[in-house]
Structure formats: C-alpha cells, structure tokens
Amino acid sequence: MRSTMLDVPLTIGSLTHHGSTVHGRTGSVATLTADGLRRAPYAEVARNAARLAHALRGLGVTADQRVATFMWNNQEHLEAYLAVPSMGAVLHPLNIRLPSDQVAYIANHAEDFVVLVDATLLPAIAPVLPSLTTVRHLVVVGDNAAEAADAVRGKAPGVEVHAYSDLLTGQPDTFDWPDIDERSAAAMCYSSGTTGNPKGVVYSHRSVVLHSMGIALGDALAIGSNDRALPVVPMFHVLAWGIPHACFLVGASLVLPDRFMTPEPLARLVEDERVTLAGAVPSVWGGVLQYLDANPDTDWSSLRDVIVGGSACPRTLMEGFERHGVRILHAWGMTETSPVATVAVPPEYSGGERRWRYRLSQGRLVSLVEARVVTPDGAVAPWNGETVGEVEVRGPWITGSYYGEDASDRFDDGWLRTGDVGHLDADGFLTLTDRAKDVIKSGGEWISSVQLENLLMGHPSVAEASVVGVPDERWGERPLATVVVRTGESVTAEQLRDFLVGQVPRWQLPERWSFVAEVPKTSVGKFDKKVLRQRYAEGDLVVETLTPPARQADAADEE
Ligand code: ADP
C-alpha cells in the first residue's frame, strides 16, 4: 500500500523559502566589518540570493557547474550558500588557509567554473590563479571590489574578472527557482587533508535538509528561532558545521565575524549581539578563554552553549568556560558526516564525575545516525563502554563514496570507516581514544596520544600539548610530548612527567619532551601531527630525553 502523503522534495530552496518568508523579518544576519556591524533580515538575504542567481546564470551557470567560494564568514557567503544550490548548481567552499598547490588541486579536481572571492583574500588566491584549469570567472566581493578586480584582471589568462556589486546591480530580486531532485548535488567540501590527499564529499539537497533538522533537535544543538548563532568555524569547514543552513531552516539569526577572528572581537561580538550559540575548534576557544580570564567583566550571560568539535575538547577548556558561566557542548563529526554525528548532552540523572565522563565523551549519536565499533579482528564490539575498535557510521547525511575517487577501502559493507578509534556505551555515547593513525603502538600495546595531550593540558603551566608516536628501536614507537608553556610560567619535563604519574600506566609516560613556542596547526586549526613527526624526523625539534620508564611488560603487570 502506498502512502497518501505528498512527495515534496527536501531542498535548500525550500529551507530558503521558509527562512525568508516565515522568518523573513525576524531572522537576520549581522556581519562584522571594520566600521561595525552590517545587518540584513532574511527576506533581504533571499532577494540578494535571487540577484546572485541571475548574475551567475548570466555567466553561464546553467546546470550543475561548481561555484566555488574563497571567502570569510559573511552575508555574501550566506547568500551564495542559498543561491547556488537553489539554482541547481553546486556550492564549493574552498579552504582559504590551504597552501596554493592544494587549493589548485582541489579546485581543479572539483572542476570549479566560477570562484567568488572576498577582496581581502585576493592576495591569497592570486598565486593560485595561473594553475586553475577550469575556472572561467572570478567574482570579487566586498568594499572596493571594482578596484580590487582591476588589480587582478589580466593576471589569469582565460579568467574573466568581475566585481560582485556590478554583476548584481539591476538584477531582479526574485528568481524562478527550478524544480530540483532532492538527491542531486547541492554542495561539496574536501576533507582538509590531515590524512593524505584531500578527498571530495558531495552533499545532496536531502542530506543538507535532514542534517539541518538533525542538528536543530533538542538533544543535538537545539537551535530555534530565538537563537543568535555565531559560527566561528569557517564556512569552508564542512559548511560551518551545517549551522547556516540550520539557522535558515528554523529562523535563527546569524552573527558572522568575517575576517575578525581574534579573541577580542569574537568576545565582544558575543557580548554586543547577545549571541546564544557559538561553535569552533578547541584552539580558537583556548585563545578566547585567555581573553575572558583577563577581562572578567565581559558579559557572556546570553551564551547558552559553546559548541566544540574538530578535535577532542580538553577538560580544562570546559572548566575554564564554566568559570565564566558558559557550558561547552562537545560534538564529533567529519567532512564525510556533514559533519554532526554525535553531541555530548549529558543525561539529566548523571552527576559528579559521571556527568564529566558524558560531557567529555564525543557524545551521543544524533537521531538517524547509526554507529558501530569494529575490533581489529573484524568483530562488531558490544556497546559496553570499553571494547575499542574503529568507529563506523551510516545514515542519511553520511557519505557513501568520495567524489571522483575509488576509495573502497574507506567503506565496509555500507558503513563509512571513520579512521577514529573508540568505544560505544549502552546509551549510544561514543568515546574516541584516538585517530587510528595517531595511536602510539608501543611494544604491542596502544597508547592514546589524545589522552596524554588532554592530561598535560590540565597542568596549570601548560598552554598547549601535542603528543605523537616516534620510532623507537626497542618498542617500535614511543610518545614524544611537544609542549607550549603558558606565558610567565616555567615547568620542566620531569615535573610534567611526574604530573602524569598515577594518571596513566607508568609505561605510557613519555620520555621524549620538546618545548616549543607553538604547536603547528592544520588549515582548520587542529594540531598538525604530520608536521610534528616530520620536524622530529628531520631533527628540527630540540628534544630532551628522560630516563625511560620501567620495562614495559613489568610495568604493564604492575597496573
Ligand atoms: P580532517 O580529517 O582533514 O581533519 P575533518 O574536519 O573532516 O577533516 O576531521 C574529522 C576528524 O576530526 C574526525 O575523524 C576526528 O578524528 C576529528 N574530530 C572531530 N571532532 C572531534 C572530537 N570532538 N573529538 C575528537 N576528534 C574529533
């Protein structure tokens, strides 16, 4: 028996329609500029999206061409988020922090046809232009776009350069949006390449709408029309974790920082705009916390949740924000999972240390996301909160392949292999112990680099700590701890090792230590362990070696 329900496609056009009509006056976007905030209600955003769609049609975007963006988090970027998929083309936000050769690789692989670029980012994209093989149009957005466009015109043969404002002037503010198959491509992102070559993931209209609904659920990020969300996470990083589309879906307002990404403007933005929800990777929040500690009068009382994801959230960060009355909500996901797959909302009944365990876990599976843990011998682990293996996931917003790439080894019978190692408990809470490639394999035993890092970052003198496995003649691999000491503090390797005693088995204590000014970061702000391993291999790190711990086997028996 067939249902009697209408089969209405789930599209970005439909969420744009809802946001710009039902919430057209109350939902709004505020973008930070050098002269204060620039605001627009969602009805105006949708009118601009229509103008942009006309302008792009005029450039020859008539089918599923890729329209790339090379932009900060701002209103025009939001307009592209809505216009490009709704007209049937594919939005492709490029990572503005990647080295030129990787940007070129990604843009060529995706066969980008148009690139919208913020005028302030022209110097960053200029060196890439000669290597772009499929781009025909560069559209410069922002103040002084016309002059900025003149400066690059002719520098890239075969690429026409336009000013955004010129292209949009005079365009109609409505558009006859085409009917779109909900399974067709809406947007694409490339994984940031922490693990080898970047791989493209293509989101469908349906997956974006369902993910938006999924993250707006009460037990996920609980986004509603009274929220004002500040995605500090860049709009090129997994579509800003889905926050912009979700906000349009439910009529929540957006506050966008543009290029003003340092702690002070961010902290002020929260205060001035009464932000209720903000999201970024831990390294961003670490800087903001230092600002808040130094400026305790900052009024953050409006902020309900700070979403932390992308890397494991250290307990000290959660405790630090708690001092300012702000709750950190830990979430886990990846480019391949749109990205939100788990959110760590602790059960009401949990208290004390148990509550902390829930909060520090990567979180509970969001409705419609399924997960399983597969042990090294191929068995599916019970949900007992301890059996560890590779985490595999599936669901309506999880990718089933990569764009233009055969990566069948990344999938297992319809499940995505995440490359993350961890366990699930009986209530569907996921705890990651490490990334498979970062686990330190020492004498046949596994050491979690993340656990050592988070414990070290709990030491009052430590600002940042990253731990990687380095080759060791005797044990195969041993941990190397790279530490950034807080300004004005001092601490020795012995003291840090002694601090770890009792918190991890003795044989896991690192004997190699290196004090550095900064831990290298990836283009999305995560510790760059590839670079650390390379620096160690090339002898670029000053390493202090302490006496090794007791023989590993004996030490393990001792536990
Ligand atoms: P890349 O793989 O290039 O870093 P992604 O942003 O897709 O790009 O990263 C996804 C990975 O980030 C996950 O597989 C996981 O290893 C890590 N990650 C994301 N969120 C968390 C978290 N809350 N805790 C620990 N690791 C996380």
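Residues numbered from 1 in each chain as written. Predicted model: local features only at pLDDT ≥ 70, side-chain atom pairs only at ≥ 80, totals over all residues. Heavy atoms only, no water.

## Remarks on the domain arrangement of the chain
Partitioning the chain into structural domains gives domain 1 (15-206), domain 2 (338-436) and domain 3 (440-558). Distance between the C-alpha centres of domain 1 and domain 2: 33 Å. Residue-level contacts link 13 residues of domain 1 with eight residues of domain 2. If you look at where domain 1 meets domain 2, you find one residue pair in polar contact (both at pLDDT 80 or more). Every element with two or more residues in the side of domain 1 that touches domain 2 is listed here: α4 (100-110), β8 (185-190) and β9 (200-204). Residue contributions to the side of domain 1 that touches domain 2 peak at four residues, all from β9. When its residues are assigned to classes, the side of domain 1 that touches domain 2 shows six nonpolar, four polar and three charged. (Domains from an automatic or database assignment. Contact = heavy atoms within 4.5 Å. Polar contact = N/O pair within 3.5 Å; in protein donor to acceptor, adjacent residues only side chain to side chain. Helix = DSSP H or I, 4+ residues; strand = E, 2+ residues; numbered from the N terminus. Nonpolar A, V, L, I, M, F, W, Y, C, P; charged D, E, K, R; others polar.)

## Here's the deal with unusual backbone geometry
A cis amide bond links Ser338 to the next residue, Pro339, at an omega of 5°. Among the structural elements, Pro339 can be located in the loop between β14 (327-333) and β15 (340-343). Of note, the phi angle at Trp241 is positive, near 60°, even though the residue is not glycine. Among the secondary structure elements, Trp241 is positioned in helix α9 (residues 238-241). With a phi close to 75°, Ser338 is a non-glycine residue in the positive phi region. Relative to the helices and strands, Ser338 is located in the loop between β14 and β15.

## A closer look at the packing of helix α12 (residues 282-294) against helix α13 (residues 315-323)
Viewed as axis vectors pointing N to C, α12 and α13 meet at an angle of 35°, and their least axial separation amounts to 10 Å. α12 and α13 meet at a crossing whose hand is left-handed. Taking contact as the criterion, the partners of Pro282, Trp285, Gly286, Val288, Leu289, Leu292 and Asp293 in α12 are, on α13, Leu317, Gly320, Phe321 and Arg323. Counted by class, the contact of α12 with α13 contains seven nonpolar, two polar and two charged residues. (Axes fitted to C-alpha atoms, helices over the stretch in contact; angles between N-to-C directions. Left-handed = near helix turned anticlockwise from the far one by under 90°.)

## Section: the side chain of Ser461
Along the chain, Ser461 turns up in the loop between α15 (449-456) and β24 (462-472). You can call Ser461 buried: its relative accessible area is 6%. In this structure the side chain of Ser461 is engaged in a polar contact, spanning 3.1 Å, whose partner is the side chain of Glu489. Excluding its chain neighbours within four sequence positions, the residues that come into contact with Ser461 are Val484, Val485, Arg486, Glu489, Ser490 and Val491. (Buried < 20%, exposed > 50% of the residue type's maximum accessible area, 1.4 Å probe, protein only.)

## Quick look at α13
For an α-helix, the turn length of 3.6 residues means that residues three or four places apart are oriented alike. Within the sequence span of α13, burial applies to Leu317, Met318, Gly320 and Phe321. For α13, the buried positions fall inside an angular range of 160° around the axis, keeping them on one side. Contacts made by the buried residues of α13 are with α12, β14 and α14 (352-360). Positive phi appears at Gly325, one or two residues downstream of α13, with a value of about 75°. (Arc of directions from axis to C-beta.)

## Let's talk about the pattern of salt bridges
Throughout the structure, instances matching the rule amount to 32 salt bridges. Taking the shortest distance from any N to any O, the salt bridge between Glu322 and Arg359 comes out at 3.0 Å. A residue pair is termed long-range when its members are at least 10 positions apart, and Glu322 in helix α13 and Arg359 in helix α14 qualify at 37 residues. Linking Glu464 and Lys521 is a salt bridge whose minimum nitrogen-to-oxygen distance equals 3.0 Å. Taken together, the residues span a long stretch of sequence, with Glu464 in strand β24 and Lys521 in the loop between β26 (512-515) and α17 (529-537) at a distance of 57 residues. Residue classification places Glu464 among the buried positions, given a relative accessible area of 17%. Given the relative accessible area of 26%, Lys521 is considered partly exposed. One network of salt bridges, in which partners are shared, links Asp227, Arg304, Asp305 and Arg327. (Salt bridge = Lys/Arg side-chain N within 4 Å of Asp/Glu carboxyl O.)

## What about the packing of α13 against α14?
Packing of α13 against α14 brings their axes to within 11 Å, and their N-to-C directions diverge by 110°. Judged on the interaxial angle alone, α14 and α13 are roughly perpendicular. Contacts between α13 and α14 involve Arg315, Met318, Glu319 and Glu322 on the former and, on the latter, Glu353, Trp356, Arg359 and Leu360. (Parallel < 35°, antiparallel > 145°, perpendicular 65-115°, else oblique.)

## Some remarks on the confidence of the model for the chain
Of all residues in the chain, 97% have pLDDT values of 70 or greater, and the mean over the chain is 94. Overall, residues 553-559 carries pLDDT values under 50, and its contacts beyond four positions in sequence, including any with other chains, amount to six contacts. (pLDDT = per-residue confidence, 0-100.)

## With respect to the sheet that holds strand β25 (residues 476-485)
Strand pairing in a sheet relies on backbone hydrogen bonds, with the paired strands running either antiparallel or parallel. Overall, mixed pairing links the four strands, which are arranged β24-β25-β26-β27 in an open sheet. Because the sheet does not close on itself, it has two edges, and the strands there are β24 and β27 (544-545). Of the pairings in the sheet, the one linking β25 to β26 comprises four bridges and is parallel in character. What sits directly across from Ala481, in β26, is Trp513. Packed on one face of the sheet, helix α16 (residues 493-500) meets β24, β25, β26 and β27 and runs near 125° to β26. (Pairing = 2+ DSSP bridges.)

## Details of the packing of aromatic side chains
Applying the stated criterion across every chain, the model contains six aromatic pairs. Each ring, one from Tyr402 and one from Phe411, has its centre 5.7 Å from the other, and the planes form 55°; the classification is tilted. Per residue, the accessibility class of Tyr402 equals that of Phe411, and both read buried. Members of the aromatic cluster, connected to one another through ring pairs, are Trp285, Trp300 and Phe321. The ring of Tyr402 is capped by Lys199, whose NZ or CZ atom sits 5.6 Å from the centre of that ring. Looking at Arg315, its charged tip hangs above the ring of Trp356, at a distance of 4.4 Å from the centre. (Phe/Tyr/Trp six-rings, centres within 6.5 Å; stacked < 30°, edge-to-face > 60°. Lys NZ or Arg CZ within 6 Å of the ring centre and 35° of its normal.)

## Some remarks on the environment of Gly333
Residue placement: Gly333 occurs in strand β14. A relative accessible area of 24% places Gly333 in the partly exposed class. Remark: the alpha-carbon pair of Gly333 and Gly351, spanning 18 residues in sequence, is separated by 26 Å. When near neighbours in sequence (up to four residues on either side) are disregarded, Gly333 contacts Pro339 and Ala341.

## A look at the pairing of strand β4 (residues 90-93)
Of the two faces of β4, both are covered, the one formed by Val90 and His92 as well as the one formed by Leu91 and Pro93. Tracing the backbone out of strand β3 (residues 66-70), into helix α3 (residues 75-86) and back to the parallel element β4 gives a crossover that is right-handed. (Right-handed = clockwise from strand over helix to strand, strands pointing away.)

## Some remarks on the nonpolar core
Of all hydrophobic cores here, the largest spans 91 residues; its most connected members are Leu56, Val114, Leu116, Ile223, Leu254 and Val343. For this core, the element with the most residues is helix α2 (residues 42-58), which contributes eight residues. Two domains each put at least three residues into this core: domain 1 (15-206) and domain 2 (338-436). Apart from the residues within four sequence positions on either side, Ile223 is in contact with Ile215, Ala216, Ala246, Cys247, Val250, Ala252, Leu277 and Arg304. Val90, Leu94, Val103 and Ala107 belong to the second-largest nonpolar core, a separate cluster that totals 36 residues. (Core = buried A, V, L, I, M, F, W, Y, C linked by side-chain atoms within 4.5 Å.)

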